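Architecture at a glance
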Amino acid sequence: MTPKKNDLVTLEITDIGNGGEGIGKADGYTLFVKGAVVGDVIEAKVLKAKKTYGYAKIEKCLAPSPNRAEPVCPVAGKCGGCQLQQMSYTAQMDWKARRVKECLERIGGVEFEDGSARGEAKFLPILGMEEPFAYRNKAQFPVGKDKNGRIVTGFYAGHTHALIPCGRCAIQAPVNEVICETVCRHMEQHNIAPYDETAHAGLVRHILTRVGAVTGEVLVCLILNGNRLPEAELLAARLKAAVESFGDALSPSQEPSGKKNGAGTGLTLKGVCINVNREKTNVILGEEIIPVWGDTYITDYIGGIAYRISPLSFYQVNPKQTKVLYEKVLEFAGLTGKEIVWDLYCGIGTISLFLAEKAKQVYGVEIVPQAVEDAKENARRNGIANVEFFEGAAEAVVPSKYLESGGSMRADVIVVDPPRKGCDERLLQTITSMEPKRLVYVSCDPATLARDVKFLEEKGYKLVQAQPVDMFPMTEHVETVVLLRREK
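Just so you know, these numbers come straight off a predicted model, no measurement behind them. (Residues numbered from 1 in each chain as written. Predicted model: local features only at pLDDT ≥ 70, side-chain atom pairs only at ≥ 80, totals over all residues. Heavy atoms only, no water.)

Observations regarding the side chain of Thr448
- With respect to the helices, strands and loops of the structure, Thr448 is situated in helix H9 (residues 446-458).
- Within the local environment of Thr448, its side chain forms a polar contact with the backbone oxygen of Arg420, the two atoms lying 2.9 Å apart.
- For Thr448, the contacting residues outside a window of four places in its chain are Arg420, Lys421, Gly422 and Tyr441. (Helix = DSSP H or I, 4+ residues; strand = E, 2+ residues; numbered from the N terminus. Polar contact = N/O pair within 3.5 Å; in protein donor to acceptor, adjacent residues only side chain to side chain. Contact = heavy atoms within 4.5 Å.)

Quick look at the structure:
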């Protein structure tokens, strides 16, 4: 009998969905249960029942899974940021690796070695973190009021804009807690209203922070429904004191490591700025940045390369795993110093500059103008001359530059790091027409990666290796690097 809304059912959780929900069956009927772990036996209440599947919530855990863990964060079940805190980290990595492999096999048609030499492609063990918390170097906190009218920051509940107050996030830099508290108390003291998206009124929409994992530099950016914050200079002074007092209180094991040029220890506030967003939109950032105090960017390092990072810059949020990821990209690229490399969707040049140390020449392409300017500045700051950046859509820029050069800007290796939707088919056509010997594809979505791999294999490329990297512990997301080689 098909369960109905509000029914209580007993479920054994046997799988995990793409969003991290537990999956169980009641008399053959599939139910998705937030917060459930494979191996749990639970009593669940049906929240919504469709024809072939439904959604339920845990009422009682009858027999917990050996893979179950106690969430570190008190609002882990409500906040939409982490989906997997209730799962042991080993189990999280196992699930992510299995998800990537299954997508590549089912959607991409890839056959991997499995001990019986079924396929030639290798699926490498997932690369995880020793400490899977406090890893994010970027945070965006919406600002609102709690039920008592007090100004608070927090995160939105999953798939909603209901603010869940949260002073400290387990996967963010701990200094964010004192930054948010300082801003909220300043707002109360000076009667500054948080933004109300329903009424499109109020001033402060979000607090954005950037924290340099290596340099310890901190940037605070207030996203405003306006271009001026009352007593902004006073707030900057308070933030400087709060950040640097927090940094001074860190133990040596907590301090950012690898400080450059004898910069000292602890944390340093590098700047406070305003981002103007007057639009009635879900998009967090506007285009205008107004300095309040100090700089509008921080500097941080991946390996020995320095990067300038502004509020608008795309920069991987997990610096430790970014180094792991980029080293794998470099390994897969197989550079000897003779190759011409194209880096498509290059952002601020993070991968391009990493590759330039081992390549003859690197060309980066990015559609966002500010990112291209940041990429050029990053190359200049690092004294890297064998890299050039172009603004525009890669499917337009690459063929035109190739023709203009008379073929001298050929591609020995192409690296792509597209957004979640994957590569535009016109870009894939462009890539295959240039016939690079090797193609390194960096993906944040296993399904669109598998779709694009299938297209590329049909055009004469063969997947050689796939490497999942856990860039986002405690969440459903996983990064993957694959190497494809031209066979015909």
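Digging into the side chain of Glu479
- Topologically, Glu479 is positioned in strand S22 (residues 479-486).
- Not counting residues up to four positions away in its chain, the partners in contact with Glu479 are Gln316, Leu325, Asp417, Val442, Ser443, Cys444, Gln467, Pro468, Val469, Met471 and Phe472.

With respect to H9
- In this model, H9 (13 residues) spans 18 Å end to end at C-alpha, consistent with the 18 Å of a helix rising 1.5 Å per residue.
- Residues of H9 that are buried: Pro446, Thr448, Leu449, Ala450, Asp452, Val453, Phe455 and Leu456.
- Of the surrounding secondary structure, the elements contacted by the buried residues of H9 are helix H1 (89-106), helix H8 (425-434), strand S20 (438-443), strand S21 (461-469) and S22.
- By the N-cap criterion, in which a side-chain oxygen at the helix start approaches the backbone nitrogen of a residue two or three places on, H9 is capped by Asp445, the distance to Ala447 being 3.0 Å.
- A positive backbone phi angle near 105° is found at Gly460, which sits one or two residues after H9. (Expected span 1.5 Å × (residues − 1). Buried < 20%, exposed > 50% of the residue type's maximum accessible area, 1.4 Å probe, protein only.)

Brief notes about the nonpolar core
- If you look at the biggest cluster of nonpolar residues, it comprises 135 residues, and the most contacted ones within it are Leu104, Leu229, Trp342, Leu344, Leu355 and Leu463.
- Ranked by the residues each element gives to this core, the list is headed by strand S11 (residues 217-224), at seven residues.
- Apart from the residues within four sequence positions on either side, Leu229 is in contact with Ile192, Leu203, Val204, Leu222, Leu224, Leu235 and Ile274.
- Listed in part, the 12 residues of the second largest apolar core include Val9, Ala36, Ile42 and Ala56. (Core = buried A, V, L, I, M, F, W, Y, C linked by side-chain atoms within 4.5 Å.)

So, the sheet that holds strand S1 (residues 8-16)
- Pairing in this closed barrel of five strands is mixed, and the strands run S1-S2-S3-S5-S4 around the ring. The sheet shows a mean angle of 50° between the axes of neighbouring strands, taken without regard to direction.
- Direction of pairing for S1 relative to strand S4 (residues 41-49): antiparallel, over a ladder of five bridges. For Leu11, the partnering residue across the bridge sits in S4 and is Ile42. (Pairing = 2+ DSSP bridges. Axes fitted to C-alpha atoms, helices over the stretch in contact; angles between N-to-C directions.)

Quick notes on the packing of helix H7 (residues 394-404) against H8
- At a minimum axis separation of 8 Å, H7 and H8 run at an interaxial angle of 25°. Overall, the two elements H7 and H8 adopt an arrangement that is roughly parallel. The element H7 and its partner H8 pack so that their crossing is left-handed. Where H7 approaches H8, its residues Ala394, Glu395, Val398, Pro399 and Tyr402 are matched on the opposing element by Arg426, Leu427, Thr430 and Met434.
- Broken down by class, the residue content of the contact of H7 with H8 amounts to six nonpolar, one polar and two charged. (Parallel < 35°, antiparallel > 145°, perpendicular 65-115°, else oblique. Left-handed = near helix turned anticlockwise from the far one by under 90°. Nonpolar A, V, L, I, M, F, W, Y, C, P; charged D, E, K, R; others polar.)

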